[in-house]
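The primary structure of each chain is shown beneath.
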Amino acid sequence: MSTLIENVYLAPVVGPEIESGYIRIEGDRIAELGAGPAPDAPGATRTDGGGCLATPGLVNTHHHLYQWASQGLAQDATLFEWLVALYEVWAAMDAEVVKGAATAGLGWLALSGCTTSSDHHYLFPKGRGDLLAAEIEAAREVGLRFHPARGSMDLGKSKGGLPPDVVVEELDDILAATAEAVDAYHDPSFSSMLRVAVAPCSPFSASAELMTESAALARAKGVRLHTHIAETLDEDEHCRERFGLRPVDYMEKLGWLGPDVWFAHAVHLSDADIGKLAATGTGSAHCPSSNGRLGAGIARVSEMLRRGANVGLGVDGAASSELTPMAGELRQALLFQRARYGPDALSARRALELATLGGARNLGREAELGSLEPGKLADLVLWPVRGPFTAAVADPVCALVFGPAPPPTLVLVGGRAVVSDGELRTISQDEAGNAGVAAHRRLTRLARERGVAVDGGSAH
Ligand code: ZN
């Protein structure tokens, strides 16, 4: 299987941009790219990339796909208020809700240029089916590279945590289920479509023991670690009161800094915290839309980058960033950094790098993903930046990042078209969207049956 994309503007992220060039794909890898007309490649399928910008596929490094079913609730709440309102709703979810929500959420990501997504699933209410298997099945159907993180919470309200006891699990059950998930699904190969991470939810919902045991398990299995950290000032206060430490110091004490760890958010960091992340190779998933929606704050991304810490981007769960397209996070990240630090805080090209190579590094896949280079996997996106309206912007990368990104015309994952001519090709786009609506209706009904009110803009 050989594919040639010609006549395209190439922004490979690593290496110089090419104003008019080609890219040749053999099987699931990039074989070559260059300037000028494409060389002869007998038998190759040829795609005219005229008017398009080619970039590496976007890598989403933080999400909660199940939240597609609970969007638009607790609209004006802080993180802790929002969680307390939604935990009871989420307690009603089952495998059918997760499957529908994940199908819609992943389809939506593909339609905004995402080719690899992680997911942090940390609620496993008893007797509700195999929720992890449900989202893995959805990812297989949509055709995105998938990095599900087997999440967990063991610190219910009765033990001083934030979540109600009904949504937490016992430590031994968590460790057994997590080990089982890694053994069943984790594929460490170069072309892997599925890798599992280990992900206790947060310092206010996971015990110290769960954190340390999870780290030991992940390291024994050779998989990565993920959790939420330093998202809000409430969390900062919680950690200081409960542990006598700020969040990053607490994680350091638990053995949770290192090149195999990436944190979601990392908003409220001190200078010393940034130094620790940089020195240990600990990554972060910056989720600007979610941070804005919950009024959490603006992460110190440009300072983190300047000091050598790795940062990727994430849309976060749709309940705290409704319908957020992956491509929109490049713009949101750029605007947030400039609003805080001035116009030289983050360039369009650096924003693209965060969303591609930065994300690949968070997931431990910088050898395979994140840039257009020969030998890497053929995950790429064609953006129609020279169409009506968009062609009025002088620079194609600027058109992608500064403006609302145009819907991609082509999204390849390992050379396979997940989106072409702006439509999902692996599954019916209408069915994917409808699956999300059905998941929302089902979750709402199941929650009401448990006596939880779910009304319009607020959940009680
Ligand atoms: Zn999150």
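Quick caveat: nothing in here was measured; it's all calculated off a predicted structure.

Enquirer: Just to check I follow, could you spell out the coordination of the zinc ion for this structure?
Expert: Reference geometry at the metal: tetrahedral coordination by four donors gives ideal angles of 109.5 degrees; octahedral coordination by six donors gives 90 or 180 degrees. On the protein side, the zinc ion has His62 (NE2), His64 (NE2), His228 (NE2) and Asp316 (OD) as donor atoms, found 2.1 to 2.6 Å from it. Taken together, the four donor atoms coordinating the zinc ion span angles of 88 to 177 degrees at the metal, a pattern that classifies the geometry as irregular. In terms of primary sequence, the donors binding the zinc ion are separated according to H-x1-H-x163-H-x87-D. With His64 in the loop between strand S6 (58-60) and helix H1 (79-90) and His228 in strand S10 (residues 225-229), this pair connects stretches of sequence that are 164 residues apart. Comparing His64 with His228, the two get one shared label, buried.

Enquirer: Sorry, what's going on with helix H5 (residues 208-221) here?
Expert: Think of an α-helix as turning once every 3.6 residues; residues three or four places apart then point the same way. Between its first and last C-alpha atoms H5 spans 20 Å; for 14 residues at 1.5 Å apiece the expected length is 20 Å, and the two agree. Turning to H5, its buried residues number three or more, namely Leu210, Met211, Ser214, Ala215, Leu217 and Ala218. Buried residues in H5, looked at end-on, bunch into an arc of 165 degrees, giving them a common side. Buried residues belonging to H5 abut strand S8 (145-152), helix H4 (171-185), strand S9 (197-200), S10 and helix H7 (247-253). Directly after H5, the chain includes Gly222, whose backbone phi takes a positive value near 70 degrees.

Enquirer: How do you make sense of the environment of Leu162 when you look at a structure like this?
Expert: Residue placement: Leu162 occurs in the loop between S8 and H4. Sequence-wise, Leu162 and Val84 are 78 residues apart; in three dimensions their C-alpha atoms are separated by 7.4 Å. With residues up to four places along the chain from it excluded, the contact list for Leu162 reads Phe80, Leu83, Val84, Tyr87, Leu155 and Phe204.

Enquirer: Would you explain the packing of helix H2 (residues 95-110) against helix H3 (residues 131-142) in this entry?
Expert: For any two helices packed against each other, the geometry comes down to the angle between their axes and how far apart the axes lie. At a closest axis distance of 8 Å, the pairing of H2 and H3 adopts a crossing angle of 30 degrees. Note that H2 runs across H3; the crossing there is right-handed. For the pair H2 and H3, the contacting residues are Ala95, Val98, Lys99, Ala102, Thr103, Leu106 and Gly107 in the first and Leu131, Ala134, Glu135, Glu137, Ala138, Ala139, Glu141 and Val142 in the second. Of the residues belonging to the contact of H2 with H3, the class tally is nine nonpolar, two polar and four charged.

Enquirer: Before we go on, may I ask you to explain the packing of aromatic side chains in this structure?
Expert: Each aromatic ring pair is summarised here by two numbers: the centre-to-centre distance and the angle between the ring planes. Throughout the structure, instances matching the rule amount to seven aromatic pairs. Between the aromatic rings of Trp82 and Trp90, the centroid separation amounts to 5.5 Å while the plane-to-plane angle is 75 degrees, which identifies the pairing as edge-to-face. When its relative accessible area of 3% is taken as the criterion, Trp82 is described as buried. Here the aromatic cluster, defined as three or more aromatic residues joined through ring pairs, consists of Tyr66, Trp82, Tyr87, Trp90 and Tyr122. Lying across the ring of Phe124, Arg150 places its NZ or CZ 3.7 Å from the centre.

Enquirer: Just to check I follow, could you spell out the environment of Gly314 for this structure?
Expert: Relative to the helices and strands, Gly314 is located in the loop between strand S13 (311-313) and helix H11 (326-341). Residues in contact with Gly314, not counting those within four places in the same chain, are Asn60, Thr61, His62, His286, Cys287, Pro288 and Glu329.

Enquirer: Help me out: how do you make sense of a negative patch on the surface in this one?
Expert: Residues Glu170, Asp172, Asp173, Glu209 and Glu213 make up a contiguous surface patch of negative charge. Within the secondary structure, Glu213 sits in helix H5.

Enquirer: Hey, could you run me through the nonpolar core in this one?
Expert: Considering soluble globular proteins, one finds that nonpolar side chains tend to be buried as a cluster. If you look at the biggest cluster of nonpolar residues, it comprises 125 residues, and the most contacted ones within it are Trp82, Leu83, Trp90, Met93, Leu106, Leu144 and Trp256. Looking at this core, the element that brings in the most residues is H1, giving nine residues. With residues near it in sequence (within four places) discarded, Leu83 still touches Trp90, Tyr122, Leu162 and Phe204. By size, the runner-up hydrophobic cluster in this structure holds 15 residues, among which are Ile18, Ile25, Leu372 and Leu382.

What counts, and at which threshold
Residues numbered from 1 in each chain as written. Predicted model: local features only at pLDDT ≥ 70, side-chain atom pairs only at ≥ 80, totals over all residues. Heavy atoms only, no water. Donors = N, O, S within 2.8 Å, 3.2 Å for Na, K, Ca; no water. Tetrahedral: all angles 85-135°; square planar, octahedral: opposite > 155°, others 65-115°. Helix = DSSP H or I, 4+ residues; strand = E, 2+ residues; numbered from the N terminus. Buried < 20%, exposed > 50% of the residue type's maximum accessible area, 1.4 Å probe, protein only. Expected span 1.5 Å × (residues − 1). Arc of directions from axis to C-beta. Contact = heavy atoms within 4.5 Å. Axes fitted to C-alpha atoms, helices over the stretch in contact; angles between N-to-C directions. Left-handed = near helix turned anticlockwise from the far one by under 90°. Nonpolar A, V, L, I, M, F, W, Y, C, P; charged D, E, K, R; others polar. Phe/Tyr/Trp six-rings, centres within 6.5 Å; stacked < 30°, edge-to-face > 60°. Lys NZ or Arg CZ within 6 Å of the ring centre and 35° of its normal. Patch = residues over 30% accessible without salt bridge, like charges linked within 9 Å, V, L, I, M, F, W, Y side chains within 5 Å. Areas by Shrake-Rupley, 256 points an atom, 1.4 Å probe, with all protein chains shown as cover. Salt bridge = Lys/Arg side-chain N within 4 Å of Asp/Glu carboxyl O. Lys, Arg positive; Asp, Glu negative; His and termini not counted. Charge placed at Lys NZ, Arg CZ, Asp CG, Glu CD. Core = buried A, V, L, I, M, F, W, Y, C linked by side-chain atoms within 4.5 Å.

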